[in-house]
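Structural features, examined
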Amino acid sequence: MIGYQPKGQAKAMVGKPPAGRYRVVIKGVEHSRSQSNTCDRMSFQFEVIDGPYTGKNIYCNLNLNHTTSEASNKNAEEKMDALCWALNLPRGWTPDTVGTICNIPILLDVYMGEFNGKEKYEIGLFDQVPNKHAGQLPGQKVAPPAQQP
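Residues numbered from 1 in each chain as written. Predicted model: local features only at pLDDT ≥ 70, side-chain atom pairs only at ≥ 80, totals over all residues. Heavy atoms only, no water.

1. Things to note about unusual backbone geometry
Of note, the phi angle at N88 is positive, near 60°, even though the residue is not glycine. Structurally, N88 is set in the loop between α1 (70-86) and α2 (98-101). (Helix = DSSP H or I, 4+ residues; strand = E, 2+ residues; numbered from the N terminus.)

And the structure:
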């Protein structure tokens, strides 16, 4: 009989992340031409970095330069623009930039939809992760700082 020692803290296994908002990092980017040769495909692997789904992956494929669907181009361009904004890349990226975008935390909203009878992720938002407290909300009372003894 073999033994096993957990590599970290033992924890329950959770399945595929449900629809929601996640802090993620890009773990992989692939570019290819579609099988039908009608568009370029950007495939992204995102990894959840906190919460109960830490370590789980969410995948996204975007079809760019579609020769037969202007609506597909518009959808992909909106998502790519938002992803560039979330990663603070206002001029976009080149293949050389891909190594620099991995492991930058961003926010990702996902929705679950059905495509060809299978449950698939639909990306609803890419956003920057706030790194500072934005201040008090209107009408919010702030307690005075505690006195030092």
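2. Structural notes on the nonpolar core
Membership of the largest hydrophobic core comes to 29 residues, with the highest contact counts inside it found for F44, F46, L83 and W93. Secondary structure elements with two or more residues in this core: β1 (20-33), β2 (40-48), β3 (57-64), α1, α2, β4 (106-115) and β5 (118-128). Take this core: its biggest share by element is five residues, from α1. When sequence neighbours within four positions are dropped, the list of residues in contact with W93 reads M42, F44, M80, L83, C84, L87, V98 and I101. (Core = buried A, V, L, I, M, F, W, Y, C linked by side-chain atoms within 4.5 Å. Buried < 20%, exposed > 50% of the residue type's maximum accessible area, 1.4 Å probe, protein only. Contact = heavy atoms within 4.5 Å.)

3. Things to note about the environment of N73
For N73, the location among the structural elements is in helix α1. Accessibility expressed as a relative area gives 7% for N73, which makes it buried. The spatial distance from the C-alpha of N73 to the C-alpha of C39 is 9.1 Å, given a sequence separation of 34 residues. Excluding residues that lie within four positions of it along the chain, N73 makes contacts with N63, L64, N65 and H66.

4. As for the pattern of salt bridges
Considering all chains together, one arrives at five salt bridges under this definition. Here R33 ties to D40 by a salt bridge, and the two come within 3.1 Å at their closest N and O atoms. Classification of R33 as partly exposed rests on a relative accessible area of 36%. What makes D40 buried here is its relative accessible area of 16%. (Salt bridge = Lys/Arg side-chain N within 4 Å of Asp/Glu carboxyl O.)

5. Let's talk about α1
The end-to-end C-alpha distance of α1 is 24 Å, a good match for the 24 Å that 17 residues give at a rise of 1.5 Å each. The complete set of buried residues in α1 reads N73, A76, K79, M80, L83, C84 and A86. Each buried residue of α1 sits inside an arc of 155° when the element is viewed along its axis, so together they form one side. More than 90 degrees from the buried face of α1, the exposed residues found are E70, A71, K74 and D81. On its buried side, α1 packs onto β1, β2, β3, β4 and β5. Within two residues after α1, N88 carries a phi angle of roughly 60°, on the positive side. (Expected span 1.5 Å × (residues − 1). Arc of directions from axis to C-beta.)

6. Considering the packing of aromatic side chains
Taken as a whole and assessed by the stated rule, the structure comprises three aromatic pairs. Ring geometry for F44 against F46: centres 5.9 Å apart, planes inclined by 20°, an arrangement best described as stacked. Among the residues examined, F44 registers a relative accessible area of 2% and is labelled buried. Since its relative accessible area comes to 0%, F46 is described here as buried. Here F46 and F126 contribute two aromatic rings whose centre-to-centre distance is 5.7 Å and whose plane-to-plane angle is 40°, an arrangement assigned as tilted. (Phe/Tyr/Trp six-rings, centres within 6.5 Å; stacked < 30°, edge-to-face > 60°.)

7. A short note on the sheet that holds β5
What the five strands build is an open sheet, ordered β3-β2-β1-β4-β5; its pairing is antiparallel. This sheet does not close on itself; its edge strands, each paired only once, are β3 and β5. The average undirected angle you get between the axes of adjacent strands in this sheet is 35°. Looking at chain direction, β2 and β3 are connected through eight bridges and run antiparallel. Directly across from S43, in β3, lies its bridge partner N61. (Pairing = 2+ DSSP bridges. Axes fitted to C-alpha atoms, helices over the stretch in contact; angles between N-to-C directions.)

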